[in-house]
Amino acid sequence: MKRILTGLKPTGDLTLGNYIGAIRQMVSMQDEYDSFLFVADLHALTIYQDRLELNERIRKFIAMYIACGIDPEKNTIYIQSENEYIPAISYLLECTTTYGEASRMIQFKEKSKQNANFSVGLLTYPVLMAADILYCDCDYVPVGIDQKQHVELARNIAERFNSRYGETFILPEPLLSETGTKIFDLKNPTKKMSKSEENPSGVISLFDDLTSITNKIMKATTDSLNQVHYDLENQPGISNLLNIASSLTNISISELEEQFKGKGYGEFKKFVADITVKHLGEIQKRYEQIINSKMLDDVLNKGIKHSRQLAKEKYEFMKTKMGITRNDLKI
Ligand code: ATP
Ligand code: MG
């Protein structure tokens, strides 16, 4: 069975973008793949987080994953920081990564521009992500397009490590969903919807109450062309809503365009709001049952045990390949 892995960082409440771009993909693949899903809390620390909020959010993430349809029986679910081998592997990989490669990452360039006092962790973030991916020999990494470059870096690091020290890692591939790969901010539809965004009016959180979901969609920025048509360049707002509607209903974009031909934006937005509310309302109902149940700790204990075992083996193997071990070097 091929292995897939995805992690989301608890920098804010999970968004509709995270759901469509990452979690839902994992749900649809969990029957056919050996699936790993984690909360990337170490990654969240690259930007300062309030400890109480962060701590609460980590648990909420796990419960929300399950509420979104992630089956704890079919997935290895864990909290990244509980696996101490991952940062250790990351350090060994940092020594196999060039400064040029790390500083060329778009996310690093963007986020380091926003704050002149950015942390070293922001630069090494993609290497830690490479460790997340490579320790467990995963084949595919389902991600939104914003993370594709990081998976490619992981692949390059793995290739370099293999050629320097001998076969150690499987080369991972990013896996992008066809529709709704990237969901944009409703107020600023040329910008990706992000959970760390400070202005909540363009971001749908999976925890938003249903009335505010409707309000946010009804107030989404559109254009003056007055046609429900998919054109990311000239009609980014409407295209984004088409993407959301198409991915939540599995109705194709062209069918939706046909369905709303000659109709106003108000009617189209109401349709998108209704299906989003229906979808997220069901998820929220399940979430309420899960968040206070004892199952969460059982799920996490089982997940971390599996994850640590694999990471420990990989770490020892890497150390031996690199010559820093007291064990026999002949492997
Ligand atoms: P942050 O603002 O802290 O970067 P984020 O919302 O971008 O948060 P991440 O934790 O960086 O979320 O990413 C988690 C996963 O969700 C990744 O697979 C990423 O590709 C996907 N993802 C994030 N935002 C979107 C989006 N707007 N559309 C589709 N997928 C997304
Ligand atoms: Mg992100």
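Just so it is clear, the structure is predicted and the values come from calculations on it, not from any experiment.

Caption draft 1: Expanded view of the site of ligand 1. The environment of ligand 1 is made up of 21 residues, and the closest members are Lys9, Thr11, Lys192, Lys195 and Ser196. In the environment of ligand 1, an oxygen atom lies 3.2 Å from a nitrogen or oxygen atom belonging to the side chain of Lys111. Within the side chain of Asp146, an N or O atom sits 2.8 Å from an oxygen atom of ligand 1. For ligand 1, whose unbound accessible area comes to 590 Å², protein coverage reaches 97%.

Caption draft 2: Molecular detail of helix H1 (residues 16–29). Over its 14 residues, H1 extends 19 Å from the first C-alpha to the last, a length consistent with the 20 Å expected when each residue adds 1.5 Å. The largest bend in H1 comes to about 40°, at Ile23. Where burial is concerned, most of H1 is hidden: eleven out of the 14 residues are buried. Along H1, the residues that are buried comprise Leu16, Gly17, Asn18, Tyr19, Ile20, Gly21, Ala22, Ile23, Gln25, Met26 and Met29. Residue Thr15 occupies the N-cap position of H1, its side-chain oxygen lying 3.1 Å from the main-chain nitrogen of Gly17.

Caption draft 3: Quick peek at the pattern of salt bridges. Using the criterion set out here, one finds 17 salt bridges in the structure. The salt bridge partner of Arg3 is Asp34, with a shortest N-O separation of 2.9 Å. Here Arg3, found in strand S1 (residues 3–8), pairs with Asp34, found in strand S2 (residues 34–39); they are 31 residues apart in sequence, far enough to count as distant. Each member of the pair, Arg3 as well as Asp34, is classed as buried. Put simply, Lys278 and Glu282 hold a salt bridge, and the shortest N to O gap is 3.8 Å. Placement of the pair is Lys278 and Glu282 together in helix H12 (residues 265–291), with a separation of four residues, close to one helical turn. When its relative accessible area of 56% is taken as the criterion, Lys278 is described as exposed. Sharing partners across several salt bridges, the network here consists of Asp31, Asp71 and Lys74.

About the thresholds
- Residue positions within a chain follow its written sequence, with the count starting from 1.
- Each chain takes a letter, starting from A, and each ligand takes a number, starting from 1, following the order in which they are written.
- Note on the predicted model: pLDDT of at least 70 is required for a residue's local features to be given, and 80 or more for side-chain atom pairs to be given and counted; whole-chain, interface and lining totals, by contrast, use all residues.
- Computation of side-chain values covers all heavy atoms of the structure but excludes hydrogens and water.
- Here a residue counts as near a molecule or strand whenever at least one of its heavy atoms sits within 4 Å of it.
- Within 3.5 Å is the distance limit for a polar contact, defined as a pair of N or O atoms, with the added protein rule that one can donate a hydrogen and the other accept it, and that residues adjacent in sequence qualify only through two side-chain atoms.
- The Shrake-Rupley method, run with a 1.4 Å probe, gives the accessible areas here. Residue values count only the displayed protein chains as cover.
- Here a strand is any run of E in DSSP of at least two residues, a helix any run of H or I of at least four, and the numbering for each starts at the N terminus.
- What a helix should span is 1.5 Å times the count of its residues minus one.
- What is called the bend at a residue is the angle between a pair of axes, fitted to the seven residues leading up to and ending at it and to the seven starting from it.
- Exposed residues in this analysis have more than 50% of their type's maximum accessible area, buried residues have under 20%, and partly exposed residues fall in between, with area computed by a 1.4 Å probe over protein chains only.
- Salt bridge, as applied in this entry: a Lys or Arg side-chain nitrogen positioned within 4 Å of an Asp or Glu carboxyl oxygen.

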